[in-house]
Amino acid sequence: MCDHFPDTPSFSAAEGTFAHLIREKCLSENLNASDLIGFTATIDDWTFEWSADDCDLMQFGIDWIREQPGRKMFEYKVDLGAWTPGQFGTLDTAIIHEDLMTCFDLKWGRGVTVHAENNRQLMLYAAGLWSELPERNNIKRVRLIIDQPRGQGGTWREWTCSIDDILRFAEEAAVAARRTEDPDAPLVVTPKGCQFCPVAANAACPEQHRFFSEILGMKEVLELPAIDQLTPERRSF
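Quick look at the structure, then. (Residues numbered from 1 in each chain as written. Predicted model: local features only at pLDDT ≥ 70, side-chain atom pairs only at ≥ 80, totals over all residues. Heavy atoms only, no water.)

## Quick word on the packing of aromatic side chains
Line of reasoning, step 1. Tallied over the entire structure, the rule returns 10 aromatic pairs.
Line of reasoning, step 2. Judged by centre distance (5.9 Å) and plane angle (35 degrees), the rings of Trp-50 and Trp-108 are tilted. One end of the pair, Trp-50, is in the loop between β2 (46-49) and α2 (52-67); the other, Trp-108, is in the loop between β5 (100-106) and α3 (120-132), with 58 residues separating them in the sequence. There is no split in this pair, since Trp-50 and Trp-108 are both buried.
Line of reasoning, step 3. Ring centres 5.5 Å apart and planes at 65 degrees place the aromatic pair Phe-104 and Trp-156 in the edge-to-face group. Of the two residues, Phe-104 sits in strand β5 while Trp-156 sits in strand β7 (residues 155-162), which places them 52 residues apart along the sequence.
Line of reasoning, step 4. Accessibility expressed as a relative area gives 26% for Trp-156, which makes it partly exposed. (Phe/Tyr/Trp six-rings, centres within 6.5 Å; stacked < 30°, edge-to-face > 60°. Helix = DSSP H or I, 4+ residues; strand = E, 2+ residues; numbered from the N terminus. Buried < 20%, exposed > 50% of the residue type's maximum accessible area, 1.4 Å probe, protein only.)

## Observations regarding α3
Line of reasoning, step 1. In this model α3 runs 19 Å from its N-terminal to its C-terminal C-alpha over 13 residues, within 8% of the 18 Å that 1.5 Å per residue would give.
Line of reasoning, step 2. What α3 keeps buried is the set Leu-122, Met-123, Leu-124, Tyr-125, Ala-126, Ala-127, Gly-128, Leu-129 and Trp-130.
Line of reasoning, step 3. In this structure, the buried side of α3 is in contact with β3 (71-79), β4 (88-97), β5, β6 (141-148), β7 and α4 (163-180).
Line of reasoning, step 4. One side-chain oxygen of the residue at the start of α3 lies 3.2 Å from the amide nitrogen of Gln-121, identifying that residue as Asn-119. (Expected span 1.5 Å × (residues − 1). Contact = heavy atoms within 4.5 Å. Polar contact = N/O pair within 3.5 Å; in protein donor to acceptor, adjacent residues only side chain to side chain.)

## Focus on the packing of α3 against α4
Line of reasoning, step 1. Close contact between α3 and α4 brings their axes to 9 Å; oriented N to C, the two are set at 105 degrees. Taken together, α3 and α4 sit at an angle that is classed as roughly perpendicular. When α3 is examined against α4, the residues Arg-120, Met-123, Leu-124, Ala-126, Ala-127 and Trp-130 are found in contact with a partner set consisting of Ile-163, Asp-165, Ile-166, Leu-167, Phe-169, Ala-170 and Ala-173. (Axes fitted to C-alpha atoms, helices over the stretch in contact; angles between N-to-C directions. Parallel < 35°, antiparallel > 145°, perpendicular 65-115°, else oblique.)

## A few points about a nonpolar patch on the surface
Line of reasoning, step 1. A surface patch of nonpolar side chains, amounting to about 290 Å² of accessible area, comprises Phe-211, Phe-212 and Ile-215.
Line of reasoning, step 2. With respect to the helices, strands and loops of the structure, Ile-215 is situated in helix α7 (residues 206-215).
Line of reasoning, step 3. Residue Ile-215 is classed as exposed on the basis of its relative accessible area of 56%. (Patch = residues over 30% accessible without salt bridge, like charges linked within 9 Å, V, L, I, M, F, W, Y side chains within 5 Å. Areas by Shrake-Rupley, 256 points an atom, 1.4 Å probe, with all protein chains shown as cover. Salt bridge = Lys/Arg side-chain N within 4 Å of Asp/Glu carboxyl O.)

## Considering the state of the cysteines
Line of reasoning, step 1. Tallying each qualifying case throughout the model produces 0 disulfides.
Line of reasoning, step 2. Not engaged in a disulfide, the cysteine Cys-55 finds its nearest cysteine sulfur in Cys-26; these two sulfurs lie 8.2 Å apart.
Line of reasoning, step 3. In this structure Cys-55 comes out as buried when scored by relative accessible area, which is 6%.
Line of reasoning, step 4. The closest cysteine sulfur to the non-disulfide-bonded Cys-103 is located on Cys-161, 9.2 Å from its own sulfur.
Line of reasoning, step 5. Of the residues examined, Cys-103 reaches a relative accessible area of 0% and is grouped as buried. (Disulfide = S-S within 2.5 Å.)

This is the structure we're talking about:
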């Protein structure tokens, strides 16, 4: 159903991309966040300028990464095809040291606090990275880190698990991914799943419509028209 709606850029996503660009430049070019004050870039429909206010927030994570021993990769594209065919992801930072693989994700958002423990995105990226490593048989432990410096009170969250935990989850993700290929796969309403869904945002999801109708105690649930027949007026209703 998502094919019926364009992938509309958002300010928050563009701002996050700009923050990742700043951090990558710092790590790749041996710069500090303060060295880039005044740097500008246009992302989608917005132009951003790096300010002094953001420097301290960004610098902590940069310093932490620099202090860690091991081989480091920045903005590394991981192939997730072993579990979700044709899918890729970009891992902000990866560090390989002895039997430990660290996967680091910068989150620049303010509103939704992101947790490291059982973080599905990072776990799947970790599986993809592991599958590409020549030294993967040495990896026993995986450390996931979320750096969300603009979160409420500032957030730095870590979670360490075994590589077996990661691979077990990846297999579960593969099963779930195969289910989505079924055109008759059931729709499931969840807070996280619907939050950034373009179908839900356009009031075009029949399952969400039924879900809220039941919550409101409506005796009859009105059926939505076919998704390609929804008018702008009906979507804004």
